[in-house]
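Now for the letters of each chain:
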Amino acid sequence: MPREPAVLCLSLLCAAVTAAAAAVLQPYGLEGTGVVSTAASEVRASVSPDGQWIVWGSTDRAGGPGGWDLWQARLRDDRWAEARPLPVNSPENDFDPVFSADGRWLYFFSNRAGGFGGDDLYRAPVLADGGFGEAENLGAGVNGAGDEWAPTPDLDGRRLLFASDGHGGAGGHDLFVARWDGAAFVDPLPVPGVNGPEDDFDAAWLAGGRAIVFARSRDPATAPVRLLVAQCDGAAYADPEPWAIAFNTADGTTLGPVVDLSKPAELLVSGAAPAPKAGKLDIYRARAPAAEGREGCLP
């Protein structure tokens, strides 16, 4: 009998710890099993604003014209179906697709011939039938001799968030924001507070820029990649912390966060969860991290 209060206290403590852990860790689910997420590596998915189309990149999925290709599926009976490579693919690498918020453009990067060097940022017009027009290079305002990745326009299309190992960054790939001058994106400025000596890339704004989620790695080709979330303190994104989702570990690979334009409270992300699992890197859907910061961090 004397031990019962202690046992009861321990039980309550365990329940409290379990509840706290559940509150911290974001629930997630595999996206498009067998269609989007397959035995291949699938990275950085984006859903069209009307929710009818999903696009993503793959580094090794059979059926495309190049090494890294863009893929698309459409919604049929509330499921993704009819996966196929995009017509904008080239024999080179095409990757990191994302729809603009108005649904008019698909942004991506490519190292196809005719660019400024390395991986350049491109966009292609989205046609009414879900197809795409001819891709156009975004120009010297954002592209240089190095590699530019993960283009992400803001909701009104006036800013472009992207990663680059040029433009005078802090080290490796850094995050930049360029402004639309009426003809092109120009004058890229570093995203305040997040760039450092490691590679910082694959970023998405949350709640209009009050927070940001981005990937960081010592070397994305050989070292682990982890997603961090930073809140705006009114001038810079401060104190990045790992996003609380179970497979976003210090020794794993988690990257490619994109807000679902048709469901803005949800995020698509690439990673390797223990379960459910389809392939090497899969696309998962999770509740977006909380944006608790202030305005003032967008250049």
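Nothing here was measured: the structure is a model prediction, and the numbers come from that model. (Residues numbered from 1 in each chain as written. Predicted model: local features only at pLDDT ≥ 70, side-chain atom pairs only at ≥ 80, totals over all residues. Heavy atoms only, no water.)

Some words on the overall build of the chain
Working step 1: The helix and strand inventory of the chain stands at one helix and 20 strands.
Working step 2: Out of the 299 residues in the chain, the part that is buried amounts to 47%.
Working step 3: For the chain, the share of sequence-separated contacts (at least 6 apart) that also reach a separation of at least 24 residues comes to 48%.
Working step 4: With the model as given, the accessible surface of the chain reaches about 13,200 Å², and the carbon-plus-sulfur share is 55%.
Working step 5: Taken together, the 23 basic and 40 acidic charged side chains of the chain have centroids lying 5 Å from each other. (Helix = DSSP H or I, 4+ residues; strand = E, 2+ residues; numbered from the N terminus. Buried < 20%, exposed > 50% of the residue type's maximum accessible area, 1.4 Å probe, protein only. Contact = heavy atoms within 4.5 Å. Areas by Shrake-Rupley, 256 points an atom, 1.4 Å probe, with all protein chains shown as cover. Lys, Arg positive; Asp, Glu negative; His and termini not counted. Charge placed at Lys NZ, Arg CZ, Asp CG, Glu CD.)

Concerning the sheet that holds strand 15 (residues 211-217)
Two pairing modes exist for strands in a sheet, parallel and antiparallel, and in both the strands are linked by backbone hydrogen bonds.
Working step 1: Strands sit in the order 14-15-16-17 across an open sheet of four strands; the sheet is antiparallel. The two strands at the open ends of the sheet, each matched to only one other strand, are strand 14 (199-206) and strand 17 (237-242). Sheet twist, expressed as the mean angle between neighbouring strand axes with direction ignored, is 30 degrees.
Working step 2: In this sheet, strand 16 (residues 225-232) lies alongside strand 15 in antiparallel orientation, the contact comprising seven bridges. Bridged to arginine 216 within strand 16 is arginine 226. (Pairing = 2+ DSSP bridges. Axes fitted to C-alpha atoms, helices over the stretch in contact; angles between N-to-C directions.)

Some points on the environment of aspartate 96
Working step 1: Positionally, aspartate 96 belongs in strand 6 (residues 94-99).
Working step 2: On the basis of relative accessible area, aspartate 96 is assigned to the buried category, the value being 3%.
Working step 3: In this structure the C-alpha to C-alpha distance between aspartate 96 and alanine 235, which are 139 residues apart in sequence, comes to 28 Å.
Working step 4: Apart from the residues lying within four places of it in its own chain, the contact partners of aspartate 96 are Arg44, Leu70, Tyr107, Phe108, Phe109, Trp149, Ala150, Pro151 and Asp202.
Working step 5: A polar contact is formed between the side chain of aspartate 96 and the backbone nitrogen of alanine 150, at a distance of 2.9 Å. (Polar contact = N/O pair within 3.5 Å; in protein donor to acceptor, adjacent residues only side chain to side chain.)

Structural notes on the pattern of salt bridges
Close approach of charged atoms allows side chains with opposite charge to pair.
Working step 1: Evaluated as defined, the whole model comprises 12 salt bridges.
Working step 2: The partner of glutamate 31 in a salt bridge is arginine 285, and the shortest N-O contact between them spans 3.0 Å. A residue pair is termed long-range when its members are at least 10 positions apart, and glutamate 31 in the loop between strand 1 (28-30) and strand 2 (42-47) and arginine 285 in strand 20 (residues 282-287) qualify at 254 residues. An identical accessibility class is assigned to glutamate 31 and arginine 285; each is buried.
Working step 3: Here aspartate 154 makes a salt bridge to arginine 159, at a shortest N to O gap of 3.4 Å.
Working step 4: Take aspartate 154: its relative accessible area is 10%, and that puts it in the buried class.
Working step 5: What emerges from the salt-bridge pattern is a single network uniting Glu31, Asp260, Glu266 and Arg285. (Salt bridge = Lys/Arg side-chain N within 4 Å of Asp/Glu carboxyl O.)

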